[in-house]
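# Structure assessment
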Amino acid sequence: MRNKKDVFFNVALGIIFFTCITSIVISIVALTKNLNEVFSVLTKFGFIEFSMILLTAIIWFIIDDSIDIPFYTDNGDQFEKILELYKNDSEKVRKKIKLLCDYEKIYIVVITVTVISTVIGIVSFSLKNDRSHFGIVVMALLGSLFIVLKTMYIKLQYENEVTINKQEYPILYGIIDDAIKLTNAPQLDEICIVEGPNAGVMFIPNGFGFNGKHILEIGIQTLKILNEEELKSVIIHELAHIYNEDTNISSKISRCLIRWNMIIEKVEENENIIQSILLLPFAKIYIKKLETYLKAVSQPEELAADKEAALYTSAEICAKADTKLNIMSLFLKNPYCKVELRALEEAPKNYFNIMFDDFNNEIVDRKAQWLSQIKKSISSIYDTHPSFSERMVALGIDDFNYEIIFDDQNENYKEEIDKLVDIKNKQWYESWCNDWEEFTKEYKLQLEIINNYKETDDAEINMDYGFALEELRQYDKALEVYKNIISKDENYAIAIYRMGQILLTKNDNNGIELLKKSADLEIEFIIDAMNSIIEYCMNNGLEDKVDEAYEWFNKKLYED
């Protein structure tokens with residue numbers, strides 16, 4: 001069964017597009033006869049299109065509940081059909097995606113023709129009826145068109161990036177250049193160093209989306225932990241997303257997603273009614289469709305790119321690189337591992353050095369634990385990336401037993417990376433130095449709550465104390481506070497919920513039942529509880545509990 005919103009929008013937008021195209025064709029035919037006939041045709045169709053867009057917008061704002069529960073409804077059936085079709089006939093899905101990505105250009109034309117047609121109609125009507133005040137309406141519509149087109153225009157913007165060149169970073173640039181030559185991949189427009197434990201190729205649109213740049217982004221954490229061969233395998237993987245026919249399609253979807261997410265951000269920031277009517281309904285349903293297709297093709301694309309990387313390097317090198325990046329991701333997510341920067345009076349000028357020192361200290365005790373967790377993790381068909389074990393199987397590695405070494409880089413390569421770390425440190429400091437007081441404000445408030453706390457039976461005061469302890473990462477003390485609250489009121493939902501979240505952070509399965517209980521007591525916790533349970537189960541390979549969680553979730557929704 002198809003989603004009712006999809007059916008409604010497919011029909012509505014289809015009629016609007018058809019009406020617009022018809023008006024253009026008939027106008028061209030009329031142009032060969034009489035100019036007045038052109039105005040007459042555009043007038044009639046313009047009013048029809050504008051009315052239909054207005055009606056579509058009104059209906060959207062009525063039916064849009066703004067609750068994001070992906071793939072728990074009929075959308076799951078649609079997703080699985082796309083996934084199955086892609087496996088059997090990838091070319092057919094590729095053609096559908098290309099057509100879908102062209103919708104944005106068609107919509108720009110529709111909006112432009114619609115507004116101009118409506119303006120012509122109003123001008124014609126006002127001239128015949130001697131109603132000069134309609135000029136105000138005309139100016140408003142032309143202004144609306146300007147606002148819409150300005151909103152859809154996107155400039156290339158980069159924040160906190162370092163663009164590298166061959167002269168300053170010959171070793172790093174050489175690794176990337178070798179990967180391009182080795183694979184006969186097209187040249188990149190820019191190579192940027194960003195923050196994060198990953199790498200990616202992005203097509204950033206400029207103007208109205210008819211041009212842009214292919215940019216390779218590499219996270220500074222990625223550079224710090226990978227050796228030269230491992231980095232080359234990661235770069236080849238990313239290049240495959242450009243030169244592979246199977247994987248290149250994601251760039252088209254990503255480009256459209258970047259544009260329309262930016263459009264939504266602009267519209268919601270400006271709170272302009274014209275923008276909301278003409279852009280929001282289309283943008284939201286368009287993004288939803290794009291994301292569905294992107295998720296359906298992403299996992300096969302990732303596995304194909306892994307195979308390309310292994311072909312030009314080796315399966316072992318690819319596996320080691322993937323393992324290191326996964327470990328760094330776990331380190332950054334784990335609240336026990338982060339140095340408390342908020343206790344500092346001013347923003348540190350060596351943030352990344354502090355972070356890497358913390359990582360090196362933690363890896364000594366936690367490497368085995370993190371490796372075990374990575375091997376156990378599983379992925380959903382809706383995830384954009386396959387699990388570690390799935391990637392290893394695709395690479396032909398049945399038993400991962402490689403030694404992972406984090407400090408195995410060439411000295412000259414290290415010098416270049418350290419130079420980039422210094423630059424990223426400066427960027428980080430410049431970004432935060434003026435906002436440091438605001439950034440540390442909440443921390444200081446929570447610290448004050450802890451320092452001023454006096455033992456009491458007041459549950460609300462105790463909850464505030466528990467929250468403060470969590471905020472300062474004193475999780476064991478927070479657990480004791482919540483246990484004490486629950487001992488006096490076993491149905492105190494928020495304490496049960498917080499306790500469940502902490503237990504999951506500590507890899508304690510008992511947190512699952514506590515989160516379920518909190519949602520049973522207060523339905524408002526159900527979405528967050530469900531997301532936390534699913535993420536925990538997927539990260540720890542608890543596939544049976546994932547099914548149980550979905551069953552519980554659907555039953556709970558049906559009951560309420």
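What this report covers is the structure whose coordinates are included nearby. (Residues numbered from 1 in each chain as written. Predicted model: local features only at pLDDT ≥ 70, side-chain atom pairs only at ≥ 80, totals over all residues. Heavy atoms only, no water.)

### Overview of the side chain of Glu362
Applicable threshold: Counting from the N terminus, the helices are the DSSP runs of H or I reaching at least four residues and the strands are the DSSP runs of E reaching at least two. To sort residues, take the accessible area from a 1.4 Å probe on protein chains only and compare it with the maximum for the residue type: under 20% means buried, over 50% means exposed, and anything in between is partly exposed. Only heavy atoms matter for contacts: two residues are in contact if any of them lie within 4.5 Å across the pair.
Position of Glu362 among the secondary structure elements: in helix H12 (residues 351-376). Classification of Glu362 by relative accessible area gives buried; the value is 17%. In contact with Glu362, other than residues within four places in its own chain, are Phe331, Tyr336, Cys337 and Trp370.

### Examining unusual backbone geometry
Backbone geometry at Arg473 places phi at a positive 65°, although glycine is not the residue there. Within the secondary structure, Arg473 sits in the loop between helix H16 (459-471) and helix H17 (475-488). For Arg473, a relative accessible area of 27% puts it in the partly exposed group. Here the phi dihedral of Asn507 falls at roughly 60°; this positive angle occurs in a residue that is not glycine. Looking at the element boundaries, Asn507 is found in the loop between helix H18 (493-505) and helix H19 (510-521).

### Some details on a nonpolar patch on the surface
Rules: Only residues whose relative accessible area exceeds 30% and that form no salt bridge enter a patch; like-charged residues are grouped when within 9 Å of one another, and nonpolar side chains (Val, Leu, Ile, Met, Phe, Trp, Tyr) when within 5 Å. For the accessible areas, the method is Shrake-Rupley and the probe is 1.4 Å, while residue cover comes only from the protein chains on display. Whenever Lys or Arg places a side-chain nitrogen within 4 Å of a carboxyl oxygen from Asp or Glu, that contact is recorded as a salt bridge.
A cluster of nonpolar side chains, contributed by Leu182, Leu311 and Tyr312, occupies part of the molecular surface with about 280 Å² of accessible area. Overall, Leu311 belongs to the exposed group, its relative accessible area being 60%.

### Comments concerning the packing of H18 against H19
The line we're drawing: Fitted lines through C-alpha atoms give the axes, limited to the stretch in contact for helices. The angle between two N-to-C directions lies from 0 to 180 degrees. An angle below 35 degrees is treated as roughly parallel, one above 145 as roughly antiparallel, one from 65 to 115 as roughly perpendicular, and anything else as oblique. When the near helix sits turned anticlockwise from the far one by under a right angle, the crossing is termed left-handed; a clockwise turn instead gives a right-handed crossing. Here the nonpolar group is Ala, Val, Leu, Ile, Met, Phe, Trp, Tyr, Cys and Pro; Asp, Glu, Lys and Arg are the charged ones; every other residue, Gly included, is treated as polar.
Two elements in contact, H18 and H19, have axes whose closest approach is 8 Å; the angle formed by their N-to-C orientations is 155°. Between H18 and H19, the angle falls in the class roughly antiparallel. Relative to H19, H18 is oriented so that their crossing is left-handed. Contact residues: H18 offers Ala493, Ile496, Tyr497, Met499, Gly500, Gln501, Leu503 and Leu504, while H19 offers Asn510, Gly511, Ile512, Leu514, Leu515, Lys517, Ser518 and Leu521. In the contact of H18 with H19, the residues fall into ten nonpolar, five polar and one charged.

### Thoughts on a negative patch on the surface
For the record, the criterion: Counted as positive: Lys and Arg. Counted as negative: Asp and Glu, with His and the chain ends omitted from the count. In plain terms, the charge of a residue is placed at NZ if it is Lys, CZ if Arg, CG if Asp and CD if Glu.
Among the surface-exposed residues, Glu543, Asp544, Asp547, Glu548 and Glu551 lie close enough to one another that they form a single negatively charged patch. Its place among the elements puts Glu548 in helix H21 (residues 543-559).

Geometric values such as these leave the question of function open.
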